[in-house]
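# Breakdown of the fold
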Amino acid sequence: MQAIKTTGYTIYFNEDCYGYLQDLLASENYSGIFILADTNTSQYCLPNFLAQVATELPIEIIEIEAGEVNKSIETCIEVWHALTDLGADRKGIIINLGGGVVTDLGGFAASTFKRGMDFINVPTTLLAMVDASVGGKTGVDLGVVKNQVGIINNPIAVLIDTQFLETLPQPEMRSGLAEMLKHGLIADEKYWNNFSDLTGLTTDDLGALIHWSVEIKNTIVAQDPNEKGIRKVLNFGHTMGHAIESQFLNSATPLLHGEAVAIGMVLESYFSMAKGFISKEEYEVIKSAIISIFGTTDFTSNDIESIIALLVHDKKNERGKVQFVLLEGIGKAVINQEVENILII
Ligand code: NAD
Ligand code: ZN
């Protein structure tokens, strides 16, 4: 698969990843390699990754606990200490091997340690491949507030090896699929059409869709790296999605990010229909495609209808002025839209 060149770095796919890495480590005068993994990726991904890296340089492993609760400044401090104890200097390179938690936190730790070290993202979840590892956003949560502290700083490369997905649990796969659907809805109808029927999807097909998704995200980010305008379209489904995610945070069955975003996309498509931006038919197409993928979660179309009904009757929303990204069609998003009038119809 063709590498994707973007502002300041390149995204490599599958076998090309290791050739690039080999050349980089042979040509740059790095003092050491520090691989950041979490408790799962050190078990499932690290052995395969190490088997592909041939270098004379010393390799140190830094492991953090898996899970969003560990995307914190406390964990980042642990990483800074580990780097210090291992004698890291600015000429070292950090390789973030993991999902979005590892790439976000590792990118932030690398960007701040000794005022900045080189880092490479090696995403191992579908969500991190199509979303978190690309675009330069790094950071940590502060208490329950997501991504409160961070910096936009690009890796020197992103290495997407889809083989890592073989050990990824199905709910995590679905979580990543939601962001892929989002890319289709906001920017590319042709891409979206691939998701109408996922039966018989081969690993190669999935690889091609991941590549396409990265191209879509990258094209948007390249136009607006600091999210002053157009990059906000990537937040489609996330305003409602984050609300739903928080609502279920402490429940017995918390929703994964992508599952919440999937519901958020249905709701925000509903708002788009209510504003007259998309037709009822388009809304129904979006809703049924999302439900056909996410139908095995606890959410059904009835639940979605009742969430919409609750929102419609929620008096708190009457004077709320939340800004949404809405759809003007499948493959076309528009930013900075208020929906207060819709909520009181
Ligand atoms: P995650 O990193 O928590 O990974 C999900 C789970 O899968 C974890 O338990 C992890 O240990 C495990 N795992 C990872 N790879 C595996 C593999 N190959 N096999 C088996 N298990 C594996 O979560 P995520 O969904 O990858 O990322 C979510 C995070 O990404 C959030 O913190 C979110 O804010 C962030 N994010 C950032 C951006 C950005 O632009 N920087 C964009 C989207 C999301
Ligand atoms: Zn998201």
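Calculation notes
- Residues numbered from 1 in each chain as written.
- Chains lettered and ligands numbered in written order.
- Predicted model: local features only at pLDDT ≥ 70, side-chain atom pairs only at ≥ 80, totals over all residues.
- Heavy atoms only, no water.
- Helix = DSSP H or I, 4+ residues; strand = E, 2+ residues; numbered from the N terminus.
- Rg over C-alpha atoms; globule rule 2.2 N^0.38 Å.
- Buried < 20%, exposed > 50% of the residue type's maximum accessible area, 1.4 Å probe, protein only.
- Contact = heavy atoms within 4.5 Å.
- Areas by Shrake-Rupley, 256 points an atom, 1.4 Å probe, with all protein chains shown as cover.
- Lys, Arg positive; Asp, Glu negative; His and termini not counted.
- Charge placed at Lys NZ, Arg CZ, Asp CG, Glu CD.
- Arc of directions from axis to C-beta.
- Pairing = 2+ DSSP bridges.
- Axes fitted to C-alpha atoms, helices over the stretch in contact; angles between N-to-C directions.
- Donors = N, O, S within 2.8 Å, 3.2 Å for Na, K, Ca; no water.
- Domains from an automatic or database assignment.
- Buried area = accessible area lost by both parts, 1.4 Å probe.
- Salt bridge = Lys/Arg side-chain N within 4 Å of Asp/Glu carboxyl O.
- Polar contact = N/O pair within 3.5 Å; in protein donor to acceptor, adjacent residues only side chain to side chain.
- Nonpolar A, V, L, I, M, F, W, Y, C, P; charged D, E, K, R; others polar.

Turning next to the overall build of the protein. Scanning the protein for helices and strands turns up 13 helices and 11 strands. Compactness check: the protein gives a C-alpha radius of gyration of 20 Å against a globular reference of 20 Å for 345 residues, within 12% of the reference. Relative to its full complement of 345 residues, the protein shows a buried share of 53%. In the protein, once contacts between residues fewer than 6 apart in sequence are set aside, the share between residues at least 24 apart is 74%. Here the protein displays about 15,700 Å² of accessible surface, and carbon together with sulfur accounts for 51% of that area. For the protein, the distance from the average position of its 23 positive side-chain charges to the average position of its 44 negative side-chain charges is 10 Å.

Moving on, we get to helix 10 (residues 238–247). All of the buried residues along helix 10 are His238, Met240, Gly241, Ile244 and Glu245. The arc that holds every buried residue of helix 10, seen down its axis, measures 155°, which confines them to one face.

It is worth spelling out the sheet that holds strand 2 (residues 9–13) at this point. Taken in spatial order, the seven strands make up an open sheet running 1-2-9-6-5-3-4, and their pairing is mixed. Edge strands, defined here as strands with exactly one partner in the open sheet, are strand 1 (4–6) and strand 4 (59–64). In this sheet, neighbouring strand axes are inclined to one another by 20° on average, regardless of whether the strands run parallel or antiparallel. Bridge count for strand 6 (residues 118–123) against strand 9 (residues 157–160) is two bridges, and the pairing is parallel. Opposite Asn121, over in strand 9, you have Val158 as the bridge partner. Relative to the sheet, helix 4 (residues 73–85) contacts strand 3 (33–38), strand 4 and strand 5 (93–98), its axis offset from that of strand 4 by approximately 160°. Here helix 9 (residues 203–223) sits on the sheet and contacts strand 1, strand 2 and strand 9; the angle it forms with strand 1, its principal contact strand, is near 15°.

Bound to the zinc ion (ligand 2) are the protein donor atoms Glu179 (OE), His238 (NE2) and His257 (NE2), situated 2.0 to 2.1 Å from the metal. Mapping the donors of the zinc ion (ligand 2) onto the primary sequence gives the spacing E-x58-H-x18-H. In this pair, His238 sits in helix 10 while His257 sits in helix 11 (residues 257–274), placing the two residues 19 residues apart along the sequence. A relative accessible area of 8% means that His238 is categorised as buried.

Okay, the domain arrangement of the protein next. Each assigned domain of the protein is listed with its residue range as follows: domain 1 (4–167) and domain 2 (170–200 + 208–344). Using C-alpha coordinates to define each centre, domain 1 is positioned 28 Å away from domain 2. Counting residues at the interface gives 18 residues for domain 1 and 22 residues for domain 2. Between domain 1 and domain 2 lies a buried interface of about 1,800 Å² when both sides are counted; carbon and sulfur atoms form 68% of it. Put simply, domain 1 and domain 2 have three salt bridges between them. Summed over the shared surface of domain 1 and domain 2, the number is five residue pairs in polar contact (both at pLDDT 80 or more). Looking at the side of domain 1 that touches domain 2, the elements that each hand over two or more residues are strand 1, strand 2, helix 6 (126–132) and strand 8 (145–152). Residue contributions to the side of domain 1 that touches domain 2 peak at five residues, all from helix 6. Its residues placed into classes, the side of domain 1 that touches domain 2 shows 11 nonpolar, three polar and four charged.

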